[in-house]
Amino acid sequence: MSDSDIRLNANAAVPERRNPTLEALLEAAREPWTLICSLILLGFLAMAVLAPFLAGDPTAINPAQRLRPPSFEAFWGTDHLGRDVFARAMNGARMSLTVGVCVAILSAIPGVAIGIFAGMNRVGGALVMRVIDAMMAIPAVLLAIALAALLQPGLTTLIIAISIPEIPRMVRLVRSVVLSVREQPYVDAAVSVGTGGMKLVTKHILPNTVAPVIVQATYAAASAIIASAVLSFLGVGTPPDIPSWGGMMADARKFFQFYPMLMVYPGVLLSLLVLVTNVLGDRLSDALDPRKMARSI
């Protein structure tokens, strides 16, 4: 047998390395509930992207057409200022998805960085966690209201006000993962051969935080969507020229007895979006469970 045949047989005998996280995500995508929720979420995304093309101007005021029933000109009727409810609801989906995605990203990036630092540095980590505990002692909605009231009203202010209370949750999660991974034998082996610093973090610590961070990010997005609606309902969210589901419900409460659908439309959309986001988070949590992934390897 030639040397080339030996090398070919040796390569054939080596099993192909699999990415357990990717395989878990693909397996979860085949489940019926995951597929249904993903399609609904894609529907909301299409609603947000196509809003300028499928709906009219959500800020156009026409007092002569106020509180009109559904028609071909306004599919869901008009509100107390004659604005198209359907157009405002579609543009509200854009605002809610923007807030959810931005808050998930803005809470994940600093949360991962601070959590890894707190987990790898005992003295500095203890000080950081005391600050995190103090932040978590303040109710998230109250902190968001205070930040939104201090800063200039707008979508950017709303995202920042909701992101800051979400960061401590991400920090605590990542720190707990880092503390657990640090005790693993392969990390001790890597340290014993001289691996340390950024190489240890990027090669062994950071990859183990990906799965829990993805799951937590979905929950942060759902929480941010609710918080944005609450702040807009209270009048400290986005300004009136930016349509939002919370603002629509706040405007409709005066007319709920006579025109209940003005509040039902944005309320149903808000509940459905949060529901599918939480269900996807639960499915991801089950699929990325370390014990389940370990059995599949």
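Above this text you will find the structure in question.
The structure contained in this document is the topic of the report that follows. (Residues numbered from 1 in each chain as written. Predicted model: local features only at pLDDT ≥ 70, side-chain atom pairs only at ≥ 80, totals over all residues. Heavy atoms only, no water.)

Side note on the overall build of the protein chain
Link 1 in the chain: Looking only at helices and strands, the protein chain has twelve helices and zero strands in total.
Link 2 in the chain: If you take every contact in the protein chain between residues at least 6 apart in sequence, the share linking residues at least 24 apart comes to 72%.
Link 3 in the chain: With the model as given, the accessible surface of the protein chain reaches about 16500 Å², and the carbon-plus-sulfur share is 67%. (Helix = DSSP H or I, 4+ residues; strand = E, 2+ residues; numbered from the N terminus. Contact = heavy atoms within 4.5 Å. Areas by Shrake-Rupley, 256 points an atom, 1.4 Å probe, with all protein chains shown as cover.)

Some points on a nonpolar patch on the surface
Link 1 in the chain: Side chains of Leu 35, Leu 39, Leu 42, Leu 45, Val 49, Leu 50, Phe 53 and Leu 54 sit close together on the surface and give an oily, nonpolar patch of about 820 Å² of accessible area.
Link 2 in the chain: With respect to the helices and strands, the residue Leu 50 is situated in helix α3 (residues 32-54). (Patch = residues over 30% accessible without salt bridge, like charges linked within 9 Å, V, L, I, M, F, W, Y side chains within 5 Å. Salt bridge = Lys/Arg side-chain N within 4 Å of Asp/Glu carboxyl O.)

Some thoughts on the packing of aromatic side chains
Two numbers describe a pair of aromatic rings. These are the distance of the centres and the angle of the planes.
Link 1 in the chain: According to the stated counting rule, one finds four aromatic pairs in the structure shown.
Link 2 in the chain: Centroid distance Phe 44 to Trp 245: 6.2 Å. Interplanar angle 65 degrees. Geometry classified as edge-to-face. Of the two residues, Phe 44 sits in helix α3 while Trp 245 sits in helix α10 (residues 245-252), which places them 201 residues apart along the sequence.
Link 3 in the chain: For Trp 245, a relative accessible area of 1% translates into the label buried.
Link 4 in the chain: Ring geometry for Trp 76 against Tyr 265: centres 4.4 Å apart, planes inclined by 15 degrees, an arrangement best described as stacked. One end of the pair, Trp 76, is in the loop between α3 and α4 (85-120); the other, Tyr 265, is in helix α11 (residues 261-287), with 189 residues separating them in the sequence.
Link 5 in the chain: In this structure Tyr 265 comes out as buried when scored by relative accessible area, which is 18%.
Link 6 in the chain: What links up through ring pairs into an aromatic cluster is the set Phe 75, Trp 76, Phe 86 and Tyr 265.
Link 7 in the chain: The cationic tip of Arg 253 hangs over the ring face of Phe 233; the distance from NZ or CZ to the ring centre is 5.0 Å. (Phe/Tyr/Trp six-rings, centres within 6.5 Å; stacked < 30°, edge-to-face > 60°. Buried < 20%, exposed > 50% of the residue type's maximum accessible area, 1.4 Å probe, protein only. Lys NZ or Arg CZ within 6 Å of the ring centre and 35° of its normal.)

Quick word on the pattern of salt bridges
Link 1 in the chain: Evaluation of the coordinates by the stated rule reveals five salt bridges.
Link 2 in the chain: Of the charged contacts in the structure, one is a salt bridge between Arg 172 and Asp 133, with a shortest N-O distance of 2.7 Å. Highlighted residues: Arg 172 in helix α7 (residues 155-182) and Asp 133 in helix α5 (residues 122-136), separated in sequence by 39 residues.
Link 3 in the chain: Within the structure, one salt-bridge network assembled from shared partners comprises Asp 79, Arg 83 and Asp 251.

Structural notes on the packing of helix α6 (residues 140-150) against α7
Link 1 in the chain: Between α6 and α7, the shortest axis-to-axis distance is 8 Å and the interhelical angle comes to 145 degrees. Along this stretch, α6 crosses α7, giving a crossing that reads as right-handed. Seen from α6, the contacting residues are Ala 140, Leu 143, Ala 144, Leu 147 and Ala 148; seen from α7, they are Thr 157, Ala 161, Ile 164, Pro 165 and Arg 169.
Link 2 in the chain: Classifying every residue of the contact of α6 with α7 gives eight nonpolar, one polar and one charged. (Axes fitted to C-alpha atoms, helices over the stretch in contact; angles between N-to-C directions. Left-handed = near helix turned anticlockwise from the far one by under 90°. Nonpolar A, V, L, I, M, F, W, Y, C, P; charged D, E, K, R; others polar.)

Description of the side chain of Ser 244
Link 1 in the chain: Locating Ser 244 in the fold gives a position in the loop between α9 (197-234) and α10.
Link 2 in the chain: Here Ser 244 falls in the buried class, since its relative accessible area comes to 4%.
Link 3 in the chain: Excluding residues within four positions of it along the chain, Ser 244 makes contact with Gly 92, Met 95, Ser 232 and Thr 238.

Describing the layout of surface pockets
Summary: where empty space remains is shown by rolling a probe the size of a single water molecule over the atoms.
Link 1 in the chain: Size it by volume and the second largest pocket reaches roughly 300 Å³.
Link 2 in the chain: Leu 41, Leu 97, Val 101, Ala 221 and Thr 277 are, among the 17 residues lining the second largest pocket, the residues nearest its centre.
Link 3 in the chain: If you list the elements that add at least two residues to the lining of the second largest pocket, you get α3, α4, α9 and α11.
Link 4 in the chain: For the lining of the second largest pocket, the element with the highest residue contribution is α4, accounting for six residues. (1 Å grid on protein atoms, 1.4 Å probe; cavity = no way out; pocket = protein on both sides within 12 Å on 5 of 7 lines; lining within 4 Å. Points joined across faces, edges and corners; volume = space filled by probe spheres on them.)

Any functional reading would require information beyond the geometric quantities listed.
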